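Geometric and topological summary
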Amino acid sequence: MRGGLLGIERALFWTLAFAAFAAAAAGLAARAVDRVAVGYEQERNAYAIVRVLAPDGPAGIAAAQTALTSAPHVTSAAPMTAGRAAALLSEASGEQIDPANVPDLRLIEVELAAASPQADISGDIVAALAAGGVTAEVIEAPDTSSGGGLAPRVRNFAFWGAILFAGMMAVIAWLAARGLAARRREMVTVMCDLGATRGQTAGRIADEAAVIGLYAGAVGGALAAVAGVIVLMLAIPGTTLNALTTMILPIDLVPIVAAPLGTAIAAGAGARAAAGHFHALAAKLG
Amino acid sequence: MARPRASIETDLFERGVLVRLSNVDAGYGASTVLMGVDFEARGGEVNLITGPAAAGKTTFTHLLRLALPPRSGRSVILGADVARARAREVAEVKRRIGYVAENPVFIEQWSTFDNVAMPLRMLGQKPREYSDDVRELVDFVGLGGAAELPVEKLSGAERRRAAIARALAAKPNLILADDPTAGMSPADGRRIVRLLSEMRRVGAGVVIASQDDTLSDVAPMWVWRIDRGRLSAPEQTEAADAEAYE
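Residue positions are given per chain, counting from 1 as you read along its sequence in written order. Ligands are numbered from 1 and chains lettered from A, in the order in which they are written. Confidence filtering applies because this is a predicted model: local features only for residues at pLDDT of at least 70, side-chain atom pairs given and counted only at 80 or more, and all residues used for totals across whole chains, interfaces and linings. No hydrogens and no water enter the side-chain calculation; it runs on all heavy atoms of the structure.

By a widespread convention, an interface's size corresponds to the accessible area lost as its parts come together. Every contact between the two is made by 23 residues of chain B and, on the other side, 18 residues of chain A. Between chain B and chain A, a total of about 1700 Å² is buried, with carbon and sulfur atoms accounting for 63% of that surface. Among the residues chain B hides against chain A, the three largest losses belong to Lys 94, Val 105 and Met 122 of chain B. Together they make up 27% of the total. The rule for a salt bridge is simple: a side-chain nitrogen of Lys or Arg has to be within 4 Å of a carboxyl oxygen of Asp or Glu. Joining chain B to chain A, the criterion identifies one salt bridge. Where Asp 193 of chain A meets Arg 65 of chain B, a salt bridge forms, and the shortest distance between an N and an O atom there is 2.9 Å. In the analysis that follows, any N or O atom pair within 3.5 Å is treated as a polar contact, provided that within protein one partner can donate a hydrogen and the other can accept it, and provided that, for residues neighboring in sequence, both atoms belong to side chains. Taken together, chain B and chain A are joined by three residue pairs in polar contact (both at pLDDT 80 or more). Note on conventions: DSSP H or I runs of at least 4 residues are helices, E runs of at least 2 residues are strands, and numbering of each starts at the N terminus. Tallying contributions element by element places helix H4 (residues 112–122) of chain B first for the side of chain B that touches chain A, with three residues. Throughout, a contact is declared for two residues whenever any of their heavy atoms are within 4.5 Å. The term buried area denotes the loss of accessible surface (1.4 Å probe radius) that occurs when two parts are joined, taken as the sum for both partners.

Structure representation (structure tokens):
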């Protein structure tokens, strides 16, 4: 790197930096999608509706509400008012519903604490209500419709999409680094003539490409990090840098940390393969 | 310097036979350029391979520098049987050969000094270990004033001198020069050949391929004539310009 980069080295540096930026940005986007999907799934699983079957009348609702205060998994419970029911129905159907036209639904909205996947939430709540003298059923969010199962699919798509995209960027880095080996062909020929093995020659060129890749990957990763912060601040109005430091988890930074390493490996491998090929051509005539 | 494994080839090497070719054919693709070549070079001797253009001189040097495998016959170079040698062994042998190509390849942006030092760097030597030797070698070939110049700035004759300095840097057992006087004045050409021939005094074998058979009187040497891929039996000559040589 002495004296700065010139010609092909500079072109290679910025090609690798772009590839690293694109791969890291894709990784950060995938992390963002993953976190939104996890949040959505948690919110979805943290909500249920209890339909009170007996006793009839307001006494049944009151008894159920009392029983729910000590029921497992339940963090809060509130009877669904006609106004709230009309608002939900209007949102679902797209038509304006008058609360006066909503019948007595005998429903209680329940917020749930996070529970293990093995927990029988409905069974535990029904049992707690029965212990309080209330017969009821629990309507949980359905598994296969209304967004059920969507979050895992989105998370998978984001993860594999980012991996695929990063792979494509690695191929670009691999191919770009071959240009460096072509540029160093005279060195390959000289080393071959002086008795360097294929591994020594290819290793010398690969080291150079890997160092350029490391710096370019660091620059690309840093640019992706800056872009990520800007996007977050635009997407979440009022967010401060202090708030971001608590919001961002260490695992969110994996794409940025992986960018220099991945770029160095891809560039080194590309240069090594090309230099090895040129060495073989120089070593054997005829 | 790594010693070759104990074998008939090693025995030859230890008796001073650096190269022995026995009935060797070699060529490129479908064409066979060298046919039935028998050749021997010993340490401390100079061999001149001379013949017309396209006679096979360059192919012969490629054969000796292990860039071209023999198609048939036996080729033992610096104690290694070329046909049986593995890539690592071939590389080891190459490190003990100093090669001056007809059109030498350099790392053009590097200085003359750095290019000449390249074989020593490849052997793992540090600049403080080789600096004085390389400086002396660059002076020896008459490039003292151009040591720090990038090779791309050198003239054709200076490049050839730089190639000679690089070929001698690692103190090789065998020195090969392919048409080292091409494009030079007769006086410069003779000076170059004299320079290469000097290496016989330190025990190296020298093989020079050239169209110019008048070079045979520059130093005592074996002269081999090559024509259409066939090498004739050698003749021994004495140096006519012995005074200059001595």
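After presenting the structure, the write-up continues.
A few words on the sheet that holds strand E5 (residues 80–81) of chain B. In a beta sheet, neighbouring strands are held together by backbone hydrogen bonds and run either parallel or antiparallel to one another. Residue and element names in this part refer to chain B. If you trace the four strands from one edge of the open sheet to the other, you get E2-E1-E4-E5, paired in antiparallel fashion. Strand pairing shows two members of the sheet lacking a second neighbour, strand E2 (31–42) and E5, which therefore form its edges. One requirement defines pairing of two strands: DSSP has to find at least two bridges between them. Here two bridges tie strand E4 (residues 72–77) to E5, and the two strands are oriented antiparallel to one another. By the bridge assignment, Ile 77 is partnered in E5 with Ala 80. Throughout, an axis means a line fitted to C-alpha atoms (over the contacting stretch in the case of helices), and angles, computed between N-to-C directions, take values from 0 to 180 degrees. Running over the sheet, helix H2 (residues 57–64) touches strand E1 (17–28), E2 and E4 and is turned about 125° from E1.

All right, on to the pattern of salt bridges then. For the structure on display, the rule yields 20 salt bridges over all chains. The partner of Glu 108 of chain B in a salt bridge is Arg 159 of chain B, with the nearest N and O atoms 2.8 Å apart. On the criterion of sequence distance, the pair formed by Glu 108 of chain B in the loop between strand E6 (97–100) and H4 and Arg 159 of chain B in helix H6 (residues 156–169) is long-range, its members being 51 residues apart. You'll find Glu 108 of chain B and Arg 159 of chain B in the same group, each marked buried. Taking the shortest distance from any N to any O, the salt bridge between Arg 135 of chain B and Glu 148 of chain B comes out at 3.0 Å. With Arg 135 of chain B in helix H5 (residues 127–140) and Glu 148 of chain B in the loop between H5 and H6, this residue pair connects regions lying 13 residues apart in the sequence. On the basis of relative accessible area, Arg 135 of chain B is assigned to the partly exposed category, the value being 35%. Relative accessible area decides the class of each residue, using a 1.4 Å probe on protein chains only: under 20% of the type maximum gives buried, over 50% gives exposed, and in between gives partly exposed. Owing to a relative accessible area of 53%, Glu 148 of chain B belongs among the exposed residues under this scheme. Taken together, the shared-partner salt bridges connect Arg 31, Asp 34, Arg 35, Arg 155 and Asp 252 of chain A into one network.

The values are spatial; any link to function lies outside them.
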